Amino acid sequence: MLPPRWQRVLEDLEHFGEESETIRQAPMLGRFLVMSRIGSGGMGAVFEAIDPDLDRTVALKICKLPPDAAAGMIEHEARCLAQLAHPNVVTVYDVVREGPDLILVMEFVRGQTLRAWQRASERGWRAILDRYLEAARGLAAAHEQELEHGDFKPDNVVVGDDGRVRVIDFGIARHAFDLFGVLLDEGLEHEARGTRAYMAPERLRAEPGGPRSDVFGFCVSVWESLYGARPYPGETTPALLAAIEAGQPRKGRALPGVPAAIEALLRRGIAEDPSSRPASVASLIDELIQARDAQDRRQASRRRWAWRGSIGLVWLAVAIGTRQCPDLVEPEAMKERLNTVSMA
C-alpha cells in the first residue's frame, strides 16, 4: 500500500490521463511534472516525469527514508552514485529531499529489463553472455568508486531501445534492504522474497558484504539465464542457505553449446565462501571473455581443418581425373588455385 502522499499523485494521474489536454495540467511532485507511473513497491515508487530545470524527461525513483540517522547515510550514497558516469550504469542527474522522501532524478531509459529481453526471443548463449558482460562493466565501474550494488538480478538491468545495457538501483537497494527490512510494511518483505534468491549467503546471514557479494548475484543471474534455473532452490532464507551450503547447483533447460570453462567460472562465482569467488567483477569479466573467445577459436580451427579436408578430397578427385583424362585439366595450375584457396 503506497503512502497517502503517493496515492494522491496516482489519483491525480488518473484524472490527468482522462481529462487533461496539456502537460501543465499534470500533477506535481516537488518541481516535477509527473506523467506516468513506471512501477511501485514496498520501498517506494518510480515515475516518468518532466524536470523543468533540466528540460528533459526523467525517471523519479522515490525512496522511503527511515526516521533516524540512516537516512543521512542513504542520501550520501545516492549522491556518490550521482557522481558515477559510465555507459552501463543508469545516470543519476540529481538527488532531492522532499519531506520524508528521497528522490533520485535519473535518466529515463526506454527499453525492457534484461529478463524481458531474454524472453522476447530465442537467444544463443553468446548473445546472453555479451549482454551480461556489458552489465558487469557497469558493476566494475561502481566498485572502483567503492559503490556496492547488493541487489543485482536480471530485473535490475535495462536493455535500452538504443541497444545499450544499463544497471539500475545501485547502493540504494542495498541500504534499503539492510536498514528497512524490519522498519517498513509487508510490501517490502514481498520485494525481499523476490530478491533473496540472488543474494550472497553472507548477506542472507546479515553479515557484511562487498564486491564479491555482487559477484555472487551476477553469477547466479548468468547461471539462471544459461542453464534455465537458479542454481540454488529455496523460498525461505534457511532453505536457500541450506542449498548454498550443500554446494550442488542445479540446472534446468540449458542452452546448447555453453563451454565447460564458463560453467566452471560461474561455479566459482556462486561459491558459498567469498574467498573462493573471483576477486573482483573486473577479473571475472576478463576470464569470461577468455573462455568465450577460446570457444570461438576452437570452432574456427575446426572449420579451417574441415575446409582443408574438403580441399584435399577435391585435389584427390582432380588427380584421379587427370590420370584418366589428361587433356581435360592442367594439374599444376589446378593445384596452385586450390592451395591459394586453402590458405585464405
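Criteria and cut-off values
Residues numbered from 1 in each chain as written. Predicted model: local features only at pLDDT ≥ 70, side-chain atom pairs only at ≥ 80, totals over all residues. Heavy atoms only, no water. Phe/Tyr/Trp six-rings, centres within 6.5 Å; stacked < 30°, edge-to-face > 60°. Helix = DSSP H or I, 4+ residues; strand = E, 2+ residues; numbered from the N terminus. Buried < 20%, exposed > 50% of the residue type's maximum accessible area, 1.4 Å probe, protein only. Lys NZ or Arg CZ within 6 Å of the ring centre and 35° of its normal. Salt bridge = Lys/Arg side-chain N within 4 Å of Asp/Glu carboxyl O. 1 Å grid on protein atoms, 1.4 Å probe; cavity = no way out; pocket = protein on both sides within 12 Å on 5 of 7 lines; lining within 4 Å. Points joined across faces, edges and corners; volume = space filled by probe spheres on them. Nonpolar A, V, L, I, M, F, W, Y, C, P; charged D, E, K, R; others polar. Axes fitted to C-alpha atoms, helices over the stretch in contact; angles between N-to-C directions. Parallel < 35°, antiparallel > 145°, perpendicular 65-115°, else oblique. Left-handed = near helix turned anticlockwise from the far one by under 90°. Contact = heavy atoms within 4.5 Å.

Novice: An account of the packing of aromatic side chains is needed here, citing residue identities and associated values.
Specialist: All chains considered together, the criterion is met by 4 aromatic pairs. Their ring planes at 55° and their centres at 5.5 Å tell us that Phe 152 and Phe 218 sit as a pair that is tilted. With Phe 152 in the loop between helix 4 (125–144) and strand 8 (157–160) and Phe 218 in helix 8 (residues 211–227), the pair connects residues that are 66 residues apart, well separated along the chain. Phe 218 shares its class with Phe 152; the two are buried. Between Phe 216 and Tyr 232 the ring centres are 6.4 Å apart and the planes differ by 10°, which places this aromatic pair in the stacked class. Of the two residues, Phe 216 is situated in helix 8 and Tyr 232 in the loop between helix 8 and helix 9 (237–246); the sequence distance between them amounts to 16 residues. Following the ring pairs from residue to residue traces out a cluster consisting of Tyr 132, Phe 152 and Phe 218. The ring of Tyr 93 carries the charged tip of Arg 56 above its face, separated from the ring centre by 4.3 Å. Lying over the aromatic face of Tyr 227, Lys 251 brings its terminal NZ or CZ to 4.6 Å of the ring centre.

Novice: Got a sec to walk through the pattern of salt bridges? Specific residues and values, please.
Specialist: Tallying each qualifying case throughout the model produces 19 salt bridges. In this structure, the salt-bridge partner of Arg 277 is Glu 202, at a minimum N-O distance of 2.8 Å. Placement of Arg 277 in the loop between helix 10 (260–269) and helix 11 (281–324) and of Glu 202 in helix 7 (residues 201–204) is noted, with a sequence separation of 75 residues between them. The buried category is assigned to Glu 202, whose relative accessible area is 5%. Here Asp 293 ties to Arg 292 by a salt bridge, and the two come within 2.9 Å at their closest N and O atoms. Taking the relative accessible area as the measure of exposure, Asp 293 reaches 24% and is therefore partly exposed. Residue class for Arg 292 comes out buried when judged on its relative accessible area of 17%. Residues joined by salt bridges that share partners form a network here, namely Arg 31, Asp 51, Asp 53 and Asp 94.

Novice: Tell me what's going on with the environment of Ala 261, and back it up with residues and numbers.
Specialist: Within the secondary structure layout, Ala 261 lies in helix 10. Separated by 34 residues in sequence, Ala 261 and Gln 295 have C-alpha atoms that sit 8.9 Å apart.

Novice: Residues and numbers for the layout of surface pockets, please.
Specialist: Empty space within the second largest pocket amounts to approximately 450 Å³. Residue lining of the second largest pocket: 17 residues in total, with Gln 118, Glu 224, Ser 225, Gly 228 and Leu 255 positioned closest to the centre. Classifying every residue of the lining of the second largest pocket by side-chain character gives 7 nonpolar, 4 polar and 6 charged.

Novice: So, the packing of helix 8 against helix 10: which residues are in play, and what are the values?
Specialist: Where helix 8 contacts helix 10, the axes come no closer than 8 Å and their chain directions differ by 140°. With respect to helix 10, the axis of helix 8 lies oblique. When you trace helix 8 past helix 10, the crossing you get is left-handed. For the pair formed by helix 8 and helix 10, the contact residues are Val 215, Phe 216, Cys 219, Val 222, Trp 223, Leu 226 and Tyr 227 on the first element and Ile 262, Glu 263, Leu 266, Arg 267 and Gly 269 on the second.

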